[in-house]
Amino acid sequence: MSDSQVLPEKARIAIIGGGIIGTSVAYHLAKRGIKDVILIERKQLTCGTTWHAAGLVSLLWPTPTLTNLAKYSHELYARLEEETGQATGYRRVGSISLARTEARLEEIKRTSSMAKVFGVESEMIDNTRLAELYPGINTDGILGALYTPDDGQTNPIDTTMALAKGARMNGVKIFENTVMEELLTKDNVITGIRTDKGKVEVDQVILCGGMWTRELAKTVGVQLPIYACEHSYIVTEEMPGLTQRPVLRDYDRGLYFKEDAGKMLVGWFEDNAIGLSMDRIADDFCFDQFPCDQDHVEPYVMGSMDTFPQLETTGIRTWFNGPESFTNDNLHILGPTSEIDKLFIAAGMNSKGIGAGGGVGKIMADWMIDGYPSGDVSECDIRRHHPAQQHEDYVAERIPEVLGHTYAMHWPFYQYDSARDQIHSPLHAQLSAAGACFGEVCGHERANWFANPGQQAKYEYSYKKPNWFNNTKQEHMAMREGVGMYDMSSFGKFEVSGPAAAKNLQYICAGNIDVPVGKVVYTHFLNARGGIEADVTVVRTAETTYWVITGISSHSRDWWHLNHRLIDDVLLQDISMNFGGLAIQGPLSRQLLQKVTDTDLSNKAFPFATGKLVDLAGVRMWMQRLSYVGELGWELFVPAQHTATVYHALHQAGEEFGLRNVGMHAVNSARMEKGFVHWGHDVGPEDNLFEAGLSWAAKPNAGSFIGINGFKEQAAANGTERRLVQFKLDDPEAMLFHNEPIVMNGEIVGYLTSGMYGHAVGSAIGMGYVNSPNLSPIRLSKATFEIEIALKRYSAQASLQGFYDPKGLRPKG
Ligand SMILES: Cc1cc2nc3c(=O)[nH]c(=O)nc-3n(C[C@H](O)[C@H](O)[C@H](O)COP(=O)(O)OP(=O)(O)OC[C@H]3O[C@@H](n4cnc5c(N)ncnc54)[C@H](O)[C@@H]3O)c2cc1C
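Described below are features of the structure shown in this document. Remember, predicted model here, so these are calculated numbers, not experimental data.

**Quick notes on the overall build of the protein chain**
Secondary structure summary: the protein chain contains 18 helices and 38 strands in total. The C-alpha atoms of the protein chain give 27 Å as radius of gyration, which agrees with the globular expectation for 813 residues (28 Å, within 12%). For the C-alpha atoms alone, the extent of the protein chain along its principal axes is close to 80 × 65 × 50 Å. The long-range share in the protein chain, meaning contacts at least 24 apart out of those at least 6 apart in sequence, stands at 72%. Surface summary for the protein chain: the accessible area is close to 29700 Å², and the carbon and sulfur share equals 49%. Separation between the mean location of the 74 positive side-chain charges and that of the 97 negative ones in the protein chain comes to 6 Å.

**Overview of helix H16 (residues 664-674)**
The element H16 is extensively covered by neighbouring structure, given that ten of its eleven residues are classed as buried. Within H16, the full set of buried residues consists of Met 664, His 665, Ala 666, Val 667, Ser 669, Ala 670, Arg 671, Met 672, Glu 673 and Lys 674. Following H16 by one or two positions, Gly 675 has its phi on the positive side, about 80°.

**Description of the site of the ligand**
Close contacts around the ligand come from 38 residues, with Glu 41, Thr 50, Leu 56, Glu 324 and Gly 355 the closest. Contacts to the ligand include Ile 21, whose backbone N or O atom sits 3.1 Å from an oxygen atom. In the environment of the ligand, an oxygen atom lies 2.8 Å from a nitrogen or oxygen atom belonging to the side chain of Glu 324. Compared with its free state, where it exposes 1000 Å², the ligand has 98% of that area covered by protein.

**Here's the deal with the sheet that holds strand S34 (residues 741-744)**
Spatially, the six strands close up into a barrel ordered S33-S36-S35-S34-S37-S38, and their pairing is antiparallel. Shown here is a sheet whose adjacent strand axes are inclined to one another by a mean of 40°, direction ignored. Bridging between strand S37 (residues 785-789) and strand S38 (residues 792-799) involves five bridges; their strand directions are antiparallel. By the bridge assignment, Glu 786 is partnered in S38 with Ser 795. Each of S34, strand S35 (747-758), S37 and S38 is contacted by helix H3 (residues 102-117), which is oriented at about 135° to S37, the strand it contacts most. Contacts from H16 reach strand S33 (723-729), S35 and strand S36 (763-770), with the element oriented near 130° to S35.

**A short note on the sheet that holds strand S32 (residues 660-661)**
Ordered by their spatial adjacency, six strands build an open sheet running S29-S30-S31-S28-S22-S32, and the pairing between neighbours is mixed. Here the strands that pair on one side only, and so sit at the sheet edges, are strand S29 (611-616) and S32.

**Re the state of the cysteines**
Linking two cysteines covalently through their sulfur atoms gives a disulfide. Tallied over the entire structure, the rule returns zero disulfides. Considering cysteine sulfurs only, Cys 286 is the nearest to Cys 47, which forms no disulfide, with 4.1 Å between them. The thiol of Cys 208 is unpaired, and the distance to the nearest cysteine sulfur, on Cys 47, comes to 14 Å.

**Brief notes about a negative patch on the surface**
A contiguous patch of negative charge on the surface is contributed by Glu 9, Asp 36, Glu 201 and Asp 203. Positionally, Asp 203 belongs in strand S11 (residues 198-207).

**A closer look at the pattern of salt bridges**
Scanning the model with the defined rule gives 44 salt bridges in all. Note that Glu 788 is salt-bridged to Lys 116, the shortest N-O span being 2.8 Å. Highlighted residues: Glu 788 in strand S37 and Lys 116 in helix H3, separated in sequence by 672 residues. By relative accessible area, Glu 788 is classed as buried at 1%. Under the relative-accessibility criterion, Lys 116 is labelled partly exposed at 35%.

**Examining the nonpolar core**
Among the nonpolar cores identified, the biggest contains 46 residues, and Ile 15, Ile 206, Val 360 and Met 364 are the most heavily contacted of them. Of all the secondary-structure elements, those providing two or more residues to this core are strand S1 (10-16), helix H1 (20-31), strand S2 (37-40), helix H2 (64-84), helix H5 (156-169), strand S19 (343-347) and helix H8 (353-370).

**Points about the pairing of strand S18 (residues 333-336)**
Note that S18 and S19 share four bridges and pair antiparallel. Opposite Pro 336, over in S19, you have Phe 344 as the bridge partner. Hairpin connection between S18 and S19: a loop of six residues separates the two successive antiparallel strands, and Lys 342 in this loop has a positive phi of roughly 70°.

**As for H1**
With twelve residues, H1 extends 16 Å between its outermost C-alpha atoms, agreeing within 8% with the 16 Å of an ideal straight helix rising 1.5 Å per residue. A large share of H1 lies buried, amounting to eleven of its twelve residues. Considered for burial, the residues of H1 that qualify are Ile 20, Ile 21, Gly 22, Thr 23, Ser 24, Val 25, Ala 26, Tyr 27, His 28, Leu 29 and Ala 30. Phi turns positive one or two residues past the end of H1, at Gly 33, with a value near 90°.

**Considerations on empty space enclosed by the protein**
Counting across every chain of the model gives four cavities of 30 Å³ or more. Its boundaries defined by the atoms lining it, the largest cavity holds a volume of some 70 Å³. Every residue along the wall of the largest cavity is listed here: Phe 413, Pro 466, Trp 468, Phe 469, Thr 472, Met 735, Leu 736, Phe 737, Met 756, Tyr 757 and His 759. Those elements giving two or more residues to the lining of the largest cavity turn out to be helix H11 (469-481) and S35.

**So, the packing of aromatic side chains**
In total, this model carries 32 aromatic pairs according to the counting rule given. Considering the side-chain rings of Phe 469 and Tyr 757, the 4.8 Å spacing of their centres and the 75° angle between planes classify their relative orientation as edge-to-face. Of this pair, Phe 469 sits in helix H11 while Tyr 757 sits in strand S35, and the two are 288 residues apart along the sequence. Considered together, Phe 469 and Tyr 757 belong to a single accessibility category, that of buried residues. Between Tyr 522 and Trp 696 the ring centres are 5.9 Å apart and the planes differ by 35°, which places this aromatic pair in the tilted class. Separated by 174 residues along the polypeptide, Tyr 522 in strand S24 (residues 520-526) and Trp 696 in the loop between H16 and helix H17 (708-716) bring together distant segments of the chain. Taking the relative accessible area as the measure of exposure, Tyr 522 reaches 29% and is therefore partly exposed. Judged by its relative accessible area of 59%, Trp 696 falls in the exposed class. One aromatic cluster is present, formed by Trp 411, Phe 413, Tyr 414, Tyr 416, Trp 449, Tyr 459, Tyr 461, Tyr 463, Trp 468 and Phe 737 through successive ring pairs. It is Arg 529 that lies over the ring of Tyr 372; its NZ or CZ is 3.5 Å from the centre. Its end group placed over the ring of Phe 606, Lys 612 keeps NZ or CZ at 4.7 Å from the ring centre.

**Describing the side chain of Thr 597**
Mapped onto the secondary structure, Thr 597 falls in the loop between helix H14 (589-594) and S29. In this structure Thr 597 comes out as buried when scored by relative accessible area, which is 4%. A polar atom in the side chain of Thr 597 sits 2.7 Å from the backbone oxygen of Asp 615. Residues in contact with Thr 597, not counting those within four places in the same chain, are Val 614, Asp 615 and Leu 616.

**Regarding the environment of His 385**
Here His 385 lies in the loop between H8 and helix H9 (392-405). With relative accessibility at 4%, the residue His 385 sits in the buried group. As a C-alpha pair, His 385 and Thr 49 span 336 residues in sequence and 25 Å in three-dimensional space. Non-local contacts of His 385, meaning those with residues more than four positions away in its chain, are made with Pro 225, Asn 328, Asp 329, Ile 333, Gln 390 and Ser 556.

**Some words on the packing of H1 against H8**
For the pair H1 and H8, the least separation of the axes is 7 Å and the interaxial angle reads 45°. Compared by their axis directions, H1 and H8 come out oblique. For H1 against H8, the interelement crossing comes out right-handed. Contact with H1, carried on its side by Ile 20, Ile 21, Ser 24, Val 25, His 28 and Leu 29, involves Gly 353, Ile 354, Gly 357, Gly 358, Val 360, Gly 361, Lys 362, Met 364, Ala 365 and Ile 369 of H8 and no other residues of that element. Residues of the contact of H1 with H8, tallied by class, amount to nine nonpolar, six polar and one charged.

Procedures and definitions
Residues numbered from 1 in each chain as written. Predicted model: local features only at pLDDT ≥ 70, side-chain atom pairs only at ≥ 80, totals over all residues. Heavy atoms only, no water. Helix = DSSP H or I, 4+ residues; strand = E, 2+ residues; numbered from the N terminus. Rg over C-alpha atoms; globule rule 2.2 N^0.38 Å. Contact = heavy atoms within 4.5 Å. Areas by Shrake-Rupley, 256 points an atom, 1.4 Å probe, with all protein chains shown as cover. Lys, Arg positive; Asp, Glu negative; His and termini not counted. Charge placed at Lys NZ, Arg CZ, Asp CG, Glu CD. Buried < 20%, exposed > 50% of the residue type's maximum accessible area, 1.4 Å probe, protein only. Near = heavy atom within 4 Å. Polar contact = N/O pair within 3.5 Å; in protein donor to acceptor, adjacent residues only side chain to side chain. Pairing = 2+ DSSP bridges. Axes fitted to C-alpha atoms, helices over the stretch in contact; angles between N-to-C directions. Disulfide = S-S within 2.5 Å. Patch = residues over 30% accessible without salt bridge, like charges linked within 9 Å, V, L, I, M, F, W, Y side chains within 5 Å. Salt bridge = Lys/Arg side-chain N within 4 Å of Asp/Glu carboxyl O. Core = buried A, V, L, I, M, F, W, Y, C linked by side-chain atoms within 4.5 Å. Expected span 1.5 Å × (residues − 1). 1 Å grid on protein atoms, 1.4 Å probe; cavity = no way out; pocket = protein on both sides within 12 Å on 5 of 7 lines; lining within 4 Å. Points joined across faces, edges and corners; volume = space filled by probe spheres on them. Phe/Tyr/Trp six-rings, centres within 6.5 Å; stacked < 30°, edge-to-face > 60°. Lys NZ or Arg CZ within 6 Å of the ring centre and 35° of its normal. Parallel < 35°, antiparallel > 145°, perpendicular 65-115°, else oblique. Left-handed = near helix turned anticlockwise from the far one by under 90°. Nonpolar A, V, L, I, M, F, W, Y, C, P; charged D, E, K, R; others polar.

In structure tokens:
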């Protein structure tokens, strides 16, 4: 088909990989009128992973981002045949998800609640209805099921061919049997590609190479946490009487069932998955497969017979085993790379590539054309990872566990077991000895809560109050009533120095950072549209030196922003690992700290939002008066080698004040009581400062900054279409985690972006955007609010401010 074509010498965009992702990007670029696009496929379209996918196109996924991508795919696949004349095999057959445990029942009910936010119809069904919809099912042990009538399945090859046809019809040139051999760069910017058929000069490249993407990116120094695993299914002989029926998911057995032209396809996500290093993928891999280890998959095949007994008497025609690539957190990897400009990635589809393909193609095409994605995909952004998560050993160990997690319970606060202990805080041993139960974020082990003597520091997962509920309550209340200390060593710390540091940062930050030495500023980086790209603290530590401090999950992304935006005469350094961090918070923090330092900590001598170099416990350090939990408190940035010494000294001095170790769960609940946002959850590139209630932090009259035009337009609108609102449940027993729908006057108007228990206010709290124009305290007081948890609605108080110390007096006392 394409062999006869000659590669052009130049093109605007090169897409590498002709699976569903590459063809979908091509289709969407072409639909936006970008015709000067080439797609390079080493063998034939679909020959990698796409051809053998089961073809389930699930509408509902555990996160809003994945659900949005899938929702768009459905809309696209439904119209693609009419548009291109190429059949896709897409059918809205519906799907049924089974629950065999009470916890799973709660999970699918929560999914059903979330479905309403996206306008996806779903209903809980009993076993009688289940047997009607799925004749032949063994309903023993099934506690309930979720029916999603609009869910679908498609033919992955035909759908990919339809996307390719649509792309060609609109001008894209597709080159099969053409291997991309080298990414050409100059000064870390893409300049072209070299293939086995010649060189092409291009402006942008997107790697959509499925499991090959990690190796391709590595050649230009871009490391990706992608790893392939074996993934298998069986297809039976024809089953008498088997006709079109919904897709069936038996999560508790890790199984899915799809009727396929009178045969049954049964697949699974096993919890002991087999990883697949690239040396097992032959150079000429093309529509290949691996032998299926029947012993390994036997428990799943046996389980499927119990779910659908007709399988016991039906022969198996195909034992299929193919490779698919997964990522370390089961989320795709999308976006521009930090290391090489004009190089984009869309890979790591975690067995959702067919379902997500349409949405991913659109988002990536828009991103490449506009410079930003046409929807919030921050949780899939390539810049969410830490370098420690990209080593081969890390991905080889972690990623098989991720595959098994696909159908496992999506417990709140779930922690992976594998590939742990990548990065330790300087206090790890001390915190561990104090009973810390650790959780991992971006490879960093962080103390999430502290076990009491005799209690195991281990999570028992639950949708109810968890086993660590009282531990966190004690830690939380120590900060509210006495004093608590938490380890903030994992926080990202960047030093910006040089004569032009103030000028540069003043342009990057929306807030006024041209402040006296020692002043701490809470500020944001905005994008051109006024969306929130970062939520950071900037402190002027010397006339020409600033520190930018950020949360660990934003570390790589904020570094990317600074690195790309700082223009002249400044030195940017990542000093994160040089300093440990300790936060001492609570009404007794001043008394405690005054015992170990001669620096005057009085309100007058050390006001709120200021910092200085101090000697404390014999160690010179940067100390600043700030609080993410809304209390009187200080943050200490201590040279890493002395952090443990300071920690011990503080504990000794703190004994008389009842100083408690505090974990990150208590910090999270305390910041939510205050209504403080967390970037990536409560604010992101698609949210603006007015919607988030943070416009006060910007400086439109103190010079220009990135995003000022967007900011001014939003200001001129004199009101918002949506607004971040704080909620507090009336029922003290119910639990909120996030993603629960917000109901205003009986209508769903949004969902919670954060949820936690507020121990000082005595019930679960949450925050989320309410899609209703010009919300004011008066309008809130006149409306009724509920939060829907697992299909049950709970009455809630709503406020534009946090429920704890709304006037913010406590940190300033
Ligand atoms: C058994 C099984 C069942 C599945 N079932 C489902 C399902 O029901 N629903 C679902 O949504 N997903 C499913 N998946 C996952 C889905 O198949 C993948 O997520 C999807 O196909 C990935 O598409 P891709 O385009 O990223 O990768 P691929 O299809 O692998 O495409 C990448 C392409 O890049 C090409 N390439 C690589 N290197 C180069 C180079 N140097 N030069 C040129 N070309 C290159 C390759 O030849 C390949 O064609 C399943 C996967 C498996 C294994």
